[in-house]
Amino acid sequence: YFRRNSIHSVVQAAIGFDVETTYGSGKVVGYVKGGKQNITGKYHIRMDHETRFKGRTLTRNRVVEFSRFQILSCRGAIFVPVTEHIRAAALYQLELLHYKARLREQALNIGGAREK
């Protein structure tokens, strides 16, 4: 997992996720030449079925290069930010519990109820 400040940009799809493209569905197997902001990259998609692409028939499992505008959807990618928010909230809660425990321990030590 990454911290929220580790995220530099958002992309249309992630490697390993299923996607819908302008030429059918497939799975992302690579991303190249993204640039500093990840907006100029090309996605390498392994197609799920036989399809026609630029006048040629491509067989199933053929890897095709797509631009970001040809990626219509990536259903799995919408869950990544949600899990990151849940993780951040859990870390905050844990930090708060540790802080309260330290305050209680200090109060007990100052009050003389506890000797070291």
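Criteria and thresholds
Residues numbered from 1 in each chain as written. Predicted model: local features only at pLDDT ≥ 70, side-chain atom pairs only at ≥ 80, totals over all residues. Heavy atoms only, no water. pLDDT = per-residue confidence, 0-100. Helix = DSSP H or I, 4+ residues; strand = E, 2+ residues; numbered from the N terminus. Pairing = 2+ DSSP bridges. Core = buried A, V, L, I, M, F, W, Y, C linked by side-chain atoms within 4.5 Å. Buried < 20%, exposed > 50% of the residue type's maximum accessible area, 1.4 Å probe, protein only. Phe/Tyr/Trp six-rings, centres within 6.5 Å; stacked < 30°, edge-to-face > 60°. Contact = heavy atoms within 4.5 Å.

Asks: What exactly am I supposed to notice about the confidence of the model for the chain here?
Replies: In low-pLDDT segments, the atomic positions of the prediction should not be examined closely. A residue-level look at the chain finds 79% of positions with pLDDT of 70 or above and a mean pLDDT of 79. Across the chain, the secondary-structure element scoring lowest on mean pLDDT is strand β4 (residues 51–53), at 72, and the one scoring highest is strand β3 (residues 42–47), at 90.

Asks: What should I look at first to understand the pairing of strand β2 (residues 24–32) in this one?
Replies: Residues in a regular strand project their side chains so that they alternate between the two faces of the sheet. Judged from the four bridges that link them, strand β1 (residues 18–21) and β2 form a sheet pairing that is antiparallel. From the neighbouring strand, Glu-20 faces β2, where its bridge partner is Ser-25. What sits between the antiparallel neighbours β1 and β2 is a turn of two residues.

Asks: Quick question: what am I supposed to make of the nonpolar core here?
Replies: Side chains of nonpolar character tend, in soluble globular proteins, to be buried together. Counting residues in each nonpolar core, the largest one holds eleven residues, listed as Ala-13, Val-19, Val-28, Tyr-43, Ile-45, Met-47, Leu-58, Val-64, Phe-66, Ile-71 and Cys-74. Those elements that provide at least two residues to this core are β3 and β6 (63–67). The dominant element in this core, judged by the number of residues it contributes, is β3, at three residues.

Asks: What am I meant to see in the packing of aromatic side chains here?
Replies: How two aromatic rings sit relative to each other is given by the distance of their centres and the angle of their planes. If you walk through the whole model with that rule in mind, you get two aromatic pairs. With 4.6 Å between their ring centres and 50° between their planes, Tyr-31 and Tyr-43 make a pair best called tilted. Of this pair, Tyr-31 sits in strand β2 while Tyr-43 is found in strand β3, placing the two residues twelve residues apart along the sequence.

Asks: So what exactly am I meant to see when it comes to the environment of Ile-45 here?
Replies: As for its position among the elements, Ile-45 is in strand β3. What makes Ile-45 buried here is its relative accessible area of 0%. As for Ile-45 and Val-19, which are separated by 26 residues in sequence, their C-alpha atoms are 8.3 Å apart. Those residues within four positions of Ile-45 in sequence are excluded, and the remaining contacts are Val-19, Thr-21, Gly-26, Lys-27, Val-28, Val-29, Arg-62, Val-63, Val-64, Phe-66 and Ile-71.

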